[in-house]
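# Fold and geometry: a report
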Amino acid sequence: MVFIKKRKYIVCFKTLYGFYNIGAKGCKALAPALAQMTALKELSLPCNKIGDKGCEVLAPVLPQMTALEKLRLWDNQIGDKGCEALAPALAQMTALKELHLSYNEIGVKGCEVLAPALAQMTALETLVLGSNEIDDKGCEALATALAQMTALETLDLGNNQIGDKGCDILAP
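So, here's what we can say about the structure. Quick caveat: nothing in here was measured; it's all calculated off a predicted structure.

Scanning the protein chain for helices and strands turns up 6 helices and 8 strands. Walking the protein chain from its N terminus toward its C terminus, one meets helices and strands in the order β-β-β-α-β-α-β-α-β-α-β-α-β-α. Looking at the protein chain residue by residue over its 172 residues, the buried ones come to 47%. Taking the contacts inside the protein chain whose residues are at least 6 apart along the sequence as the reference set, 86% of them involve residues at least 24 apart. When the accessible surface of the protein chain is totalled, it reaches about 8,600 Å², and 52% of it is carbon and sulfur.

Looking now at the packing of helix α4 (residues 108-120) against helix α5 (residues 136-148). Following both chains from N to C, one finds α4 and α5 inclined at 5°, their axes separated by 8 Å at the closest point. On the basis of the axis angle, α4 is roughly parallel to α5. Residues V108, C111, E112, A115, L118 and A119 of α4 pack against K137, G138, A141, L142, A145 and Q148 of α5. Within the contact of α4 with α5, the residues separate by chemical class into 8 nonpolar, 2 polar and 2 charged.

This brings us to helix α2 (residues 51-58). By the burial criterion, the buried members of α2 are G51, G54, C55 and L58. All buried residues of α2 lie within an arc of 105° about the axis, which places them on one face of the element. Along its buried surface, α2 packs onto α1 (23-35) and α3 (80-92).

Turning our attention to α4. Relative to the 18 Å expected for 13 residues at 1.5 Å per residue, α4 spans 19 Å between its end C-alpha atoms, a close match to the ideal helical length. For α4, the principal kink sits at L114 and spans about 35°; a proline, P116, occurs within the next four residues. Among all positions of α4, only G110, C111, V113, L114, A115, A117, L118 and A119 are buried. Buried residues in α4 make contact with α3, β6 (98-100), β7 (126-128) and α5.

Rules used throughout
- Residues numbered from 1 in each chain as written.
- Predicted model: local features only at pLDDT ≥ 70, side-chain atom pairs only at ≥ 80, totals over all residues.
- Heavy atoms only, no water.
- Helix = DSSP H or I, 4+ residues; strand = E, 2+ residues; numbered from the N terminus.
- Buried < 20%, exposed > 50% of the residue type's maximum accessible area, 1.4 Å probe, protein only.
- Contact = heavy atoms within 4.5 Å.
- Areas by Shrake-Rupley, 256 points an atom, 1.4 Å probe, with all protein chains shown as cover.
- Axes fitted to C-alpha atoms, helices over the stretch in contact; angles between N-to-C directions.
- Parallel < 35°, antiparallel > 145°, perpendicular 65-115°, else oblique.
- Nonpolar A, V, L, I, M, F, W, Y, C, P; charged D, E, K, R; others polar.
- Arc of directions from axis to C-beta.
- Expected span 1.5 Å × (residues − 1).
- Bend = angle between axes of the 7 residues up to and from the residue.

Take a look at the structure:
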């Protein structure tokens, strides 16, 4: 059982989903409960204004969620610093099948720190990085990792600042 703010919750979720604008403070309150949700298959926290600070709080507990197959953190104001926090955790999440980080603020530096982690995510089937700040240099950072992701079926990089050079890098 997990106790949050003197309320009792039984941890038997398969999916935790919500648009609650929890922010970094909410992540801090949620993290101890998530650490105990080892059977959780899907964590969807879109539109919660988590930001980079929230990623720093969530990152240590994510690898403890060993059954997690889908992680959806789109539209959360996550930038390059948030990617720096998430990358080591993601590298340990080799069973993850879907990763959604669209509608954030991920740029070149974020791609550079995510790439080595993504390369280790051999079960990843869906990677959504659309509507960020990824340009040709970001594609360059991601290209090596994408080549190693043999299970990848869906890659969304739409609505970024990717030019012809970035496209050439991704599809030689």
